[in-house]
Amino acid sequence: MNNELTGEPALYASLVASAVQLAAAFWLPWSDAQVAVVNAVVMAAAGVWVAFATKSVDRGGSIKAAILGFVQAGMSLAVTFGWQVSPEQTAGVMTFVGLLVAVFIRQTSTPKSSLDLAA
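Computed from a prediction, not measured in an experiment: that's the story for all the values here. (Residues numbered from 1 in each chain as written. Predicted model: local features only at pLDDT ≥ 70, side-chain atom pairs only at ≥ 80, totals over all residues. Heavy atoms only, no water.)

One can describe the packing of helix α2 (residues 32–53) onto helix α4 (residues 63–80) by two numbers: an axis separation of 8 Å at closest approach and a directional angle of 165°. Relative to α4, the element α2 is oriented roughly antiparallel. For the crossing formed where α2 meets α4, the hand is left-handed. Of α4, the residues touching α2 (which contributes Ala 33, Gln 34, Val 37, Val 38, Ala 40, Val 41, Ala 44, Ala 45, Gly 47, Val 48, Ala 51 and Phe 52) are Ile 63, Ala 66, Ile 67, Gly 69, Phe 70, Ala 73, Gly 74, Ser 76, Leu 77 and Thr 80. Class assignment of the residues belonging to the contact of α2 with α4 gives a composition of 16 nonpolar, six polar and no charged. (Axes fitted to C-alpha atoms, helices over the stretch in contact; angles between N-to-C directions. Helix = DSSP H or I, 4+ residues; strand = E, 2+ residues; numbered from the N terminus. Parallel < 35°, antiparallel > 145°, perpendicular 65-115°, else oblique. Left-handed = near helix turned anticlockwise from the far one by under 90°. Contact = heavy atoms within 4.5 Å. Nonpolar A, V, L, I, M, F, W, Y, C, P; charged D, E, K, R; others polar.)

Shown next, in the form of structure tokens:
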């Protein structure tokens, strides 16, 4: 697998975002806010893709943040489309997802050695 950061995630995410905007303009009865949140989820998914594709560069350090960002964007999408959730419930979901990701990602990410930090 090629671990270089390429333009493919941005290209695909932009293609999907454009398709969403086109569909909303002609067929979907979505507000500008709904289109924006759907596009935010698409971009967050692209961020997860990049984090996994480049994990050898940062030793997996960005994967957890990318997944948490994707879940947060997904929750915003759900709320925008009518999900009724309290701030306490949102905090509970984000805490659970953060811990769940930490349990699985800790096996794939490695800390920097003291020699790496000195450089």
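Past the structure itself, the notes keep going.
Turning next to the side chain of Thr 54. Along the polypeptide, Thr 54 turns up in the loop between α2 and α3 (55–58). For Thr 54, the side chain forms a polar contact with the main-chain oxygen of Val 50, separated by 2.7 Å. (Polar contact = N/O pair within 3.5 Å; in protein donor to acceptor, adjacent residues only side chain to side chain.)

The next thing to look at is a nonpolar patch on the surface. Taken together, Leu 22, Phe 26, Trp 27 and Leu 28 make up a surface patch of nonpolar side chains, about 480 Å² in accessible area. Tracing the backbone through its elements, the reader meets Trp 27 in the loop between α1 (8–26) and α2. Overall, the relative accessible area of 64% leaves Trp 27 in the exposed class. (Patch = residues over 30% accessible without salt bridge, like charges linked within 9 Å, V, L, I, M, F, W, Y side chains within 5 Å. Areas by Shrake-Rupley, 256 points an atom, 1.4 Å probe, with all protein chains shown as cover. Salt bridge = Lys/Arg side-chain N within 4 Å of Asp/Glu carboxyl O. Buried < 20%, exposed > 50% of the residue type's maximum accessible area, 1.4 Å probe, protein only.)

Before going further, it helps to examine the side chain of Asn 39. Mapped onto the elements, Asn 39 comes out in helix α2. Given the relative accessible area of 11%, Asn 39 is considered buried. Not counting the four nearest positions on each side in its chain, Asn 39 is found in contact with Ala 17, Val 20 and Gln 21.

Every α-helix carries 3.6 residues per turn, so stepping three or four residues along brings you back to the same face. For α1, which comprises 19 residues, the first-to-last C-alpha distance of 27 Å matches the rise-based estimate of 27 Å (1.5 Å per residue) to within 8%. Turning to α1, its buried residues number three or more, namely Pro 9, Ala 13, Ala 17, Val 20, Ala 23 and Ala 24. Down the axis of α1, the smallest arc covering the buried residues is 125°, so these residues share one side. Projecting away from the buried face of α1 at angles above 90 degrees are the exposed residues Leu 11, Leu 15, Ala 25 and Phe 26. Elements in contact with the buried residues of α1: α2. (Expected span 1.5 Å × (residues − 1). Arc of directions from axis to C-beta.)

The next subject is the packing of aromatic side chains. Taken as a whole and assessed by the stated rule, the structure comprises three aromatic pairs. Seen in terms of ring centroids, Tyr 12 and Trp 49 are 5.6 Å apart; in terms of plane orientation they differ by 10°. Their pairing is stacked. One end of the pair, Tyr 12, is in helix α1; the other, Trp 49, is in helix α2, and 37 residues separate them in sequence. Among the residues examined, Tyr 12 registers a relative accessible area of 41% and is labelled partly exposed. Looking at Trp 49, the relative accessible area reads 38%, which means it is partly exposed. Ring geometry for Phe 26 against Trp 27: centres 5.7 Å apart, planes inclined by 45°, an arrangement best described as tilted. Trp 27 matches Phe 26 in its accessibility class, with the two residues each being exposed. (Phe/Tyr/Trp six-rings, centres within 6.5 Å; stacked < 30°, edge-to-face > 60°.)

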